[in-house]
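# Topology and contacts: notes
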Amino acid sequence: MKNLLIVEDERLIRKELRIMAERSKVPIESIIECASGEEAFEVLKSQEIDAMMTDINMDGMSGIELVKKMQDLPHKPLTFAV
């Protein structure tokens, strides 16, 4: 895997998810962190992301809304709800 996107509005949880990903045996070239669904959607529009971990319940755009919205993009990452 080249690019992992972590979408979580709580900073401490976002940092813990990053640590878990870095400690995993999965080869990851870059980890991008976003604090909102809106921010994550902008990343998804501009970069090719291989996998995304997203919080379901966030203010503004929820993780579910993010996944629905990204269906119109040419490249859809493998997505995990956290």
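Not measured: the values here are computed from a predicted model.

What characterises a pair of aromatic rings is the spacing of the ring centres plus the angle enclosed by the ring planes. Across all of its chains, the model carries zero aromatic pairs by this definition. Lying over the aromatic face of Phe41, Lys69 brings its terminal NZ or CZ to 4.6 Å of the ring centre.

Position of Thr54 among the secondary structure elements: in strand β3 (residues 51-54). Beyond its immediate stretch of four places on either side in the chain, Thr54 contacts Val7, Gly63, Leu66, Thr79, Phe80, Ala81 and Val82.

Before going further, it helps to spend a moment on the sheet that holds strand β4 (residues 78-81). Sheet strands line up and pair through hydrogen bonds in the backbone, either parallel or antiparallel. Within the open sheet, the four strands sit side by side as β2-β1-β3-β4. Their pairing is parallel. The open sheet has two edge strands, β2 (30-34) and β4, and neither has a second partner. In this sheet, neighbouring strand axes are inclined to one another by 15° on average, regardless of whether the strands run parallel or antiparallel. Pairing of strand β1 (residues 3-7) with β3, which is carried by four bridges, proceeds in the parallel orientation. Bridged to Ile6 within β3 is Met53. Lying over the sheet, helix α3 (residues 63-70) contacts β1, β3 and β4, oriented at roughly 150° with respect to β3.

What counts and what doesn't
Residue indices begin from 1 for each chain and proceed along its sequence in written order. Local features are withheld for residues below a pLDDT of 70 in this predicted model, meaning they are given only at 70 or higher, and side-chain atom pairs are given and counted only at 80 or more; totals for whole chains, interfaces and linings count all residues. Hydrogen atoms and water are omitted, and side-chain values are computed over all heavy atoms in the structure. Pairing of aromatic rings covers Phe, Tyr and Trp, the last counted by its six-membered ring, and requires centre-to-centre distances within 6.5 Å; plane angles under 30 degrees mean stacked, over 60 mean edge-to-face, and any other angle means tilted. As a reminder, the over-ring test applies to NZ of lysine and CZ of arginine, requiring each to be within 6 Å of the ring centre and within 35 degrees of the ring normal. Helical segments are the DSSP runs of H or I of at least four residues, strand segments are the runs of E of at least two, and each set is numbered from the N terminus. Contact between two residues is taken to exist if any of their heavy atoms lie within 4.5 Å; hydrogens are not considered. What makes two strands pair is DSSP finding at least two bridges between them. Axes here refer to lines fitted to C-alpha atoms; in helices the fit is confined to the stretch in contact. Angles between the N-to-C directions go from 0 to 180 degrees.

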